[in-house]
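Below are the chains, spelled out letter by letter.
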Amino acid sequence: MPKLMLALDVLDEFEAIKISEETSEYVDCIKIGYPLVLATDLGIVKRIKDKTGKEVICDFKVADIPSTNEKIAKLTLNYADGIICQGFVGPDSVKAIMDVAKEYNKKDPKNPKKVIMVTEMSHGGATSFMQPIANEIAKMAGDLKVNGIVAPSTRPARLKELKEIANNAFVISPGVGAQGGDLKEVLKVLDENDYVIVGRAIYLNENPKESAKKYKELL
Ligand code: O7M
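Residues numbered from 1 in each chain as written. Predicted model: local features only at pLDDT ≥ 70, side-chain atom pairs only at ≥ 80, totals over all residues.

Caption draft 1: Representation of the overall build of the protein in the model. Within the protein, the regular secondary structure consists of 10 helices and 8 strands. In summary, the protein has a C-alpha radius of gyration of 16 Å against a globular reference of 17 Å for 219 residues, a match within 12%. Seen through its principal axes, the protein has C-alpha atoms that stretch 45 × 40 × 30 Å. When each of the 219 residues of the protein is scored for burial, the buried share is 46%. Considering only contacts in the protein between residues 6 or more positions apart, those separated by 24 or more positions represent 63%. (Helix = DSSP H or I, 4+ residues; strand = E, 2+ residues; numbered from the N terminus. Rg over C-alpha atoms; globule rule 2.2 N^0.38 Å. Buried ≥ 20, exposed ≤ 12 C-beta atoms within 10 Å, placed from the backbone. Contact = placed C-beta atoms within 7 Å.)

Here it is in structure tokens:
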């Protein structure tokens, strides 16, 4: 049974806190990205963590040269439990982030920071440039021993292949709900270490708590 990760892409702090509190009974982890951080500030990560007690992962899809990735990771992991980066920039850029995580983990080994790397994205356009190189990116994820990878629920066959290639990494997978991914097929692939990411189908629902409950039960 995979876990449920809420993609909290709302643009208002009051709404973000309300939804995260209402759904926290059913949500295992909260993913916060540019929409909410740019609408508020990076401190929103701590405020959501304090209100819910949940792990918060920052989805910044970091994709820069190693020294810039390092700066972004230092600032982000000061608040967040994990950070999401792009894999296509290559191993040195990803390693720079892993090194920052290792430094934090030396200081606080009980709450290890996670580095999660995107392989192939869930939208249609990802088939143009990302899909042809995604298997190699997943292989790099396995070689580097990143904690997790991002792979698409919109393409369960690809999800399976990428998960198998990055064999020691857990998977966080977007695409169920608003993007039309088939949860039944996804559940044939993911296991208890993995996460199904759901955003709009929960936070745009007139009753986010009920929707989160429904997804938790389906999982
Ligand atoms: O359920 P949704 O479609 O409203 O939200 C999905 C979330 O997952 C949203 O935060 C997207 O930015 C993110 N996402 C994708 O939808 N597709 C991807 O390929 C990758 C991500 C993601 O989380 O990357 C880390």
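Caption draft 2: Up close: the UniProt feature "domain: Orotidine 5'-phosphate decarboxylase" (unreviewed entry) in the protein. Under the UniProt annotation, the feature "domain: Orotidine 5'-phosphate decarboxylase" (unreviewed entry) is placed at residues 3-215. Taken end to end, residues 3-215 is 46% helix and 19% strand, and its first and last C-alpha atoms sit 10 Å apart. (UniProt positions renumbered as here; feature names shortened; annotations may be inferred.)

Caption draft 3: Inspection of the packing of helix α4 (residues 66-77) against helix α5 (residues 91-107) at higher detail. Orientation of α4 relative to α5, taken along the N-to-C sense of each, is 35 degrees, at an axis distance of 8 Å. Regarding α4 and α5, the two cross each other, and that crossing is right-handed. When α4 is examined against α5, the residues Pro66, Asn69, Glu70, Ala73, Lys74 and Leu77 are found in contact with a partner set consisting of Asp92, Ser93, Ala96, Ile97, Val100, Ala101 and Tyr104. Looking at the contact of α4 with α5 residue by residue, the class counts come to 8 nonpolar, 2 polar and 3 charged. (Axes fitted to C-alpha atoms, helices over the stretch in contact; angles between N-to-C directions. Left-handed = near helix turned anticlockwise from the far one by under 90°. Nonpolar A, V, L, I, M, F, W, Y, C, P; charged D, E, K, R; others polar.)

Caption draft 4: Just the site of the ligand, in detail. Around the ligand there are 20 residues in total, and Ala7, Met121, Pro174, Gly199 and Arg200 lie nearest to it. Mapped by element, the contributors of at least two residues to the shell around the ligand are β3 (55-62), β8 (195-198) and α9 (200-203). Residue composition of the shell around the ligand, grouped by class: 11 nonpolar, 5 polar and 4 charged. (Near = placed C-beta within 6 Å.)

Caption draft 5: Spatial organisation of the sheet that holds strand β2 (residues 29-33). Spatial ordering of the closed barrel is given by β1-β2-β3-β4-β5-β6-β7-β8, a layout of 8 strands whose pairing is parallel. Each neighbouring strand pair of the sheet contributes to a mean axis angle of 25 degrees, computed without reference to strand direction. Alignment of strand β7 (residues 170-174) against β8, held across 3 bridges, turns out to be parallel. Across the sheet, Ile172 pairs through a bridge with Tyr195, a residue of β8. Each of β3 and β4 (82-86) touches α4; the most contacted strand, β3, lies at about 160 degrees to it. (Pairing = 2+ DSSP bridges.)

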